[in-house]
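Letter by letter, the chains look like this.
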Amino acid sequence: MSNNVYQQLVDDFMARVKAKNPGEAEFHQAVQEVVESLIPYVEENPQYKHAKVLERMTEPERVILFRVPWMDDKGEIQINKGYRIEMSSAIGPYKGGLRFHPTVNLGILKFLAYEQVLKNSLTTLPMGGGKGGSDFDPKGKSDNEVMRFCQSFMTELQRHIGPNTDVPAGDIGVGGREIGFMFGQYKRLRNEFTGVLTGKGLEWGGSLIRPEATGYGNVYFAQEMLKTRGLDFAGKIVAISGSGNVAQYATEKVNMLGGKVVTLSDSNGTIYDPQGIDAEKLAWILWLKNVKRGRIKEYVDKWGGEYFHDQRPWNVKCDVALPCATQNEINKEDAITLVKNGCYCVSEGANMPSTPEAVEVFIEAKILYGPGKAANAGGVATSGLEMSQNSMRLNWTRERVDQELHTIMVNIHNTCQKYGTEPDGFINYVKGANIGGFVKVADSMLAQGLV
Ligand code: NDP
């Protein structure tokens, strides 16, 4: 079949998705990226086509939408929206994070849940896909306000989740503090101590390495990509965006491997430190972001370097870029600038940080480009390991969990290589991740009948 025929099939598919899910731009974007890789594959494997597997996967199994009322410190009532998208349970209980951010809406959570299905499949662990959250903004709220919100959120969510049904975790705006408040409320309402959430504290069922997992895993994935060209991190200049959980531990792992991280950012701007953000500076950033809950621009007062207000890191010359903040943070111009400045490896810690036009630039330039669903799967993989430890009522050592994480990331890379290598030897990781994640879910759906 010619490329034109495939393109027509993609366009027809997308026209139906857009008509059925109006106004959900990020969801359309995520589906388009996936079906562009999968439609040719489905055409070559008609068992998936006849069973309309792709069409079924694009419709969530269940969407839960609820009211979250809570009282602020002034005694005023606040109302937020709460969501849980249960996208696919084909290969295991729904699994995926909760995001608390004012931009959260149905389309963003559906894009994240859709990506999560393929990502979780890539990890090789038995986890379905889901995502949830709220338009609540934890920034500027007191600990008591965050607790009251989390308790109200969980009061409704608890009836829909469970260790064998749906196991949420953290994402933007949901870290150890929020998971703790939600776990406490779940336990109180259900009178059971189970692994219903991951990202828990070490004293109450959490796994070593879970906080580090997404950032470490992303760097392990980038390391594998670099290896295919005989390269490693030693002496490499690395630009990272974000300064939250993923960015912090990606920085730590790059430092451990001998690279030099020169940027971090938040939604207000970017810091640039040409000397490198070493272990001492990073420890201070962890305090700034996780304890003081301050802004990244405070870095330059303490350590020097430059602050670029309202700018992202992509103008800085680097060998490797690790976008670890949010969706659509690298546009076409940013991608062109990165490539022009000599960047040859982009590994996505965030979900869908590159726009479709940016991805096109990376693929056309044939640089090493690892899409989020493969490159950031280390977080959910280690959540899967936390679930295993909870079921066994055992705690594995730091070394063991790190080793398992490393092995999983190597395997994900190999799966991408298997399904994504093109005739000229170039590895198209987008195609590799989409097909590699799809096959297991699709075969399970075929085996389970019309579900
Ligand atoms: P955090 O809340 O810990 O940190 C998010 C960081 O990104 C902050 O520095 C934040 O800045 C910045 N950011 C958030 N929204 C925007 C925006 N609209 N524009 C610019 N910067 C923004 O979240 P995580 O580190 O956990 O998540 C980061 C990304 O990684 C997300 O895409 C998430 O989906 C993805 N991810 C996370 C996993 C995990 O295990 N945590 C697993 C897999 C993927 P500010 O403080 O100003 O908001």
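Residues numbered from 1 in each chain as written. Predicted model: local features only at pLDDT ≥ 70, side-chain atom pairs only at ≥ 80, totals over all residues. Heavy atoms only, no water.

## Overview of the environment of Cys 345
Item 1. Within the secondary structure, Cys 345 is located in strand β11 (residues 345-347).
Item 2. For the pair Cys 345 and Ala 433, spaced 88 residues apart in sequence, the C-alpha separation works out to 17 Å.
Item 3. Those residues in contact with Cys 345 that lie beyond four places of it in its chain are Ala 222, Met 225, Leu 226, Asp 319, Val 320, Ala 321, Ile 367 and Leu 368. (Helix = DSSP H or I, 4+ residues; strand = E, 2+ residues; numbered from the N terminus. Contact = heavy atoms within 4.5 Å.)

## Quick look at the site of the ligand
Item 1. Around the ligand there are 24 residues in total, and Asp 171, Thr 214, Ser 267, Arg 295 and Asn 351 lie nearest to it.
Item 2. Contacts to the ligand include Arg 99, whose side-chain N or O atom sits 2.9 Å from an oxygen atom.
Item 3. Measuring from an oxygen atom of the ligand, one finds a side-chain N or O atom of Arg 295 at 2.5 Å.
Item 4. For the ligand, whose unbound accessible area comes to 890 Å², protein coverage reaches 83%. (Near = heavy atom within 4 Å. Polar contact = N/O pair within 3.5 Å; in protein donor to acceptor, adjacent residues only side chain to side chain. Areas by Shrake-Rupley, 256 points an atom, 1.4 Å probe, with all protein chains shown as cover.)

## Regarding the packing of helix α8 (residues 210-227) against helix α16 (residues 398-420)
Working note: a packed helix pair is described by the angle between its axes plus the distance between those axes.
Item 1. With their axes 9 Å apart at the nearest point, α8 and α16 run at an angle of 45° to one another. Between α8 and α16, the crossing angle belongs to the class labelled oblique. Between α8 and α16 lies a crossing whose hand is right-handed. The segment α8 lies against α16, with Glu 212, Ala 213, Tyr 216, Gly 217, Tyr 220, Phe 221, Gln 223, Glu 224 and Met 225 engaging Arg 398, Asp 402, Leu 405, His 406, Met 409, Val 410, Ile 412, His 413 and Cys 416.
Item 2. Tallied by class, residues from the contact of α8 with α16 come to 10 nonpolar, 4 polar and 4 charged. (Axes fitted to C-alpha atoms, helices over the stretch in contact; angles between N-to-C directions. Parallel < 35°, antiparallel > 145°, perpendicular 65-115°, else oblique. Left-handed = near helix turned anticlockwise from the far one by under 90°. Nonpolar A, V, L, I, M, F, W, Y, C, P; charged D, E, K, R; others polar.)

## Details of the environment of Ile 91
Item 1. Turning to its location among the elements, Ile 91 is positioned in the loop between β2 (77-88) and β3 (94-100).
Item 2. C-alpha separation for the pair Ile 91 and His 309, spaced 218 residues apart in sequence, amounts to 44 Å.
Item 3. The contacts of Ile 91, once residues within four sequence positions are left out, are Ser 121, Leu 125, Pro 126, Met 127, Gly 128, Lys 440, Val 441 and Ser 444.

## A few points about the nonpolar core
Item 1. Grouped together as the largest cluster of nonpolar side chains are 52 residues, with contacts concentrated most on Phe 221, Ile 240, Leu 322 and Ile 412.
Item 2. Built from parts of two domains, this core gets at least three residues from each of domain 2 (62-193) and domain 3 (213-375).
Item 3. Once residues within four sequence positions are removed from consideration, Ile 240 is found in contact with Ala 247, Ala 250, Thr 251, Val 261, Thr 263, Leu 264, Ser 265, Pro 313, Leu 322 and Cys 324.
Item 4. Ranked by size, the runner-up nonpolar core spans 39 residues in total, among them Val 17, Ala 30, Ile 39 and Tyr 41. (Core = buried A, V, L, I, M, F, W, Y, C linked by side-chain atoms within 4.5 Å. Buried < 20%, exposed > 50% of the residue type's maximum accessible area, 1.4 Å probe, protein only. Domains from an automatic or database assignment.)

## What about the domain arrangement of the chain?
Item 1. According to the domain assignment, the chain consists of domain 1 (3-57), domain 2 (62-193) and domain 3 (213-375).
Item 2. Placing a centre on the C-alpha atoms of domain 2 and another on those of domain 3 gives a separation of 27 Å.
Item 3. Across the contact, 13 residues belong to domain 2 and 11 residues belong to domain 3.
Item 4. Note on domain 2 versus domain 3: buried area summed over both sides is about 1,000 Å², and carbon and sulfur give 50% of it.
Item 5. Between Lys 373 and Glu 115 there is a salt bridge; the shortest N-O distance is 3.3 Å.
Item 6. Run the count over domain 2 and domain 3 and you get 3 residue pairs in polar contact (both at pLDDT 80 or more).
Item 7. With 7 residues, helix α5 (residues 106-122) is the largest single contributor of residues to the side of domain 2 that touches domain 3.
Item 8. Of the residues assigned to the side of domain 2 that touches domain 3, the class counts are 6 nonpolar, no polar and 7 charged. (Buried area = accessible area lost by both parts, 1.4 Å probe. Salt bridge = Lys/Arg side-chain N within 4 Å of Asp/Glu carboxyl O.)

## Considerations on helix α6 (residues 143-157)
Item 1. Under the 1.5 Å per step criterion, the end-to-end length of α6 is 21 Å for 15 residues, consistent within 8% with the ideal 21 Å.
Item 2. All buried positions along α6 are accounted for by Glu 145, Val 146, Phe 149, Cys 150, Ser 152, Phe 153, Met 154 and Leu 157. (Expected span 1.5 Å × (residues − 1).)

## Some words on the sheet that holds strand β5 (residues 166-169)
Item 1. Here we have 5 strands laid out as an open sheet, ordered β1-β2-β4-β3-β5, and mixed in their pairing. Each edge of the sheet is formed by a strand with only one pairing partner; in this case those strands are β1 (62-71) and β5. Looking at each pair of strands side by side, their axes are set apart by 20° on average, direction ignored.
Item 2. In this structure, β1 lies alongside β2, joined through 10 bridges in antiparallel fashion. The residue bridging Arg 62 from the neighbouring strand is Glu 86, located in β2. (Pairing = 2+ DSSP bridges.)

## Brief notes about the side chain of Glu 212
Item 1. Position of Glu 212 among the secondary structure elements: in helix α8.
Item 2. Assessed through its relative accessible area of 9%, Glu 212 is described here as buried.
Item 3. Filtering out sequence-adjacent residues up to four positions away, Glu 212 remains in contact with Tyr 249, Glu 252 and Arg 398.

## Topic: the packing of aromatic side chains
Item 1. According to the stated counting rule, one finds 21 aromatic pairs in the structure shown.
Item 2. Judged by centre distance (5.8 Å) and plane angle (70°), the rings of Phe 221 and Tyr 429 are edge-to-face. Residue Phe 221 is found in helix α8, and its partner Tyr 429 is found in helix α17 (residues 429-447); the two are separated by 208 residues along the sequence. Tyr 429 carries the same exposure label as Phe 221, and that label is buried.
Item 3. The rings of Phe 66, Trp 70, Phe 100, Phe 136, Phe 149 and Phe 153 are connected pair by pair, giving a single aromatic cluster. (Phe/Tyr/Trp six-rings, centres within 6.5 Å; stacked < 30°, edge-to-face > 60°.)

## Notes on the pattern of salt bridges
Item 1. Inspection of every chain in the model, using the stated rule, returns 24 salt bridges.
Item 2. Of the charged contacts, one joins Asp 143 and Arg 177 as a salt bridge, the two residues approaching to 2.7 Å between their closest N and O atoms. You can see Asp 143 sitting in helix α6 and its partner Arg 177 sitting in helix α7 (residues 176-190), a full 34 residues away along the chain.
Item 3. Look at Arg 177 and you get buried, because its relative accessible area is 16%.
Item 4. In the salt-bridge network here, residues are joined through shared partners; they are Glu 33, Glu 115 and Lys 373.

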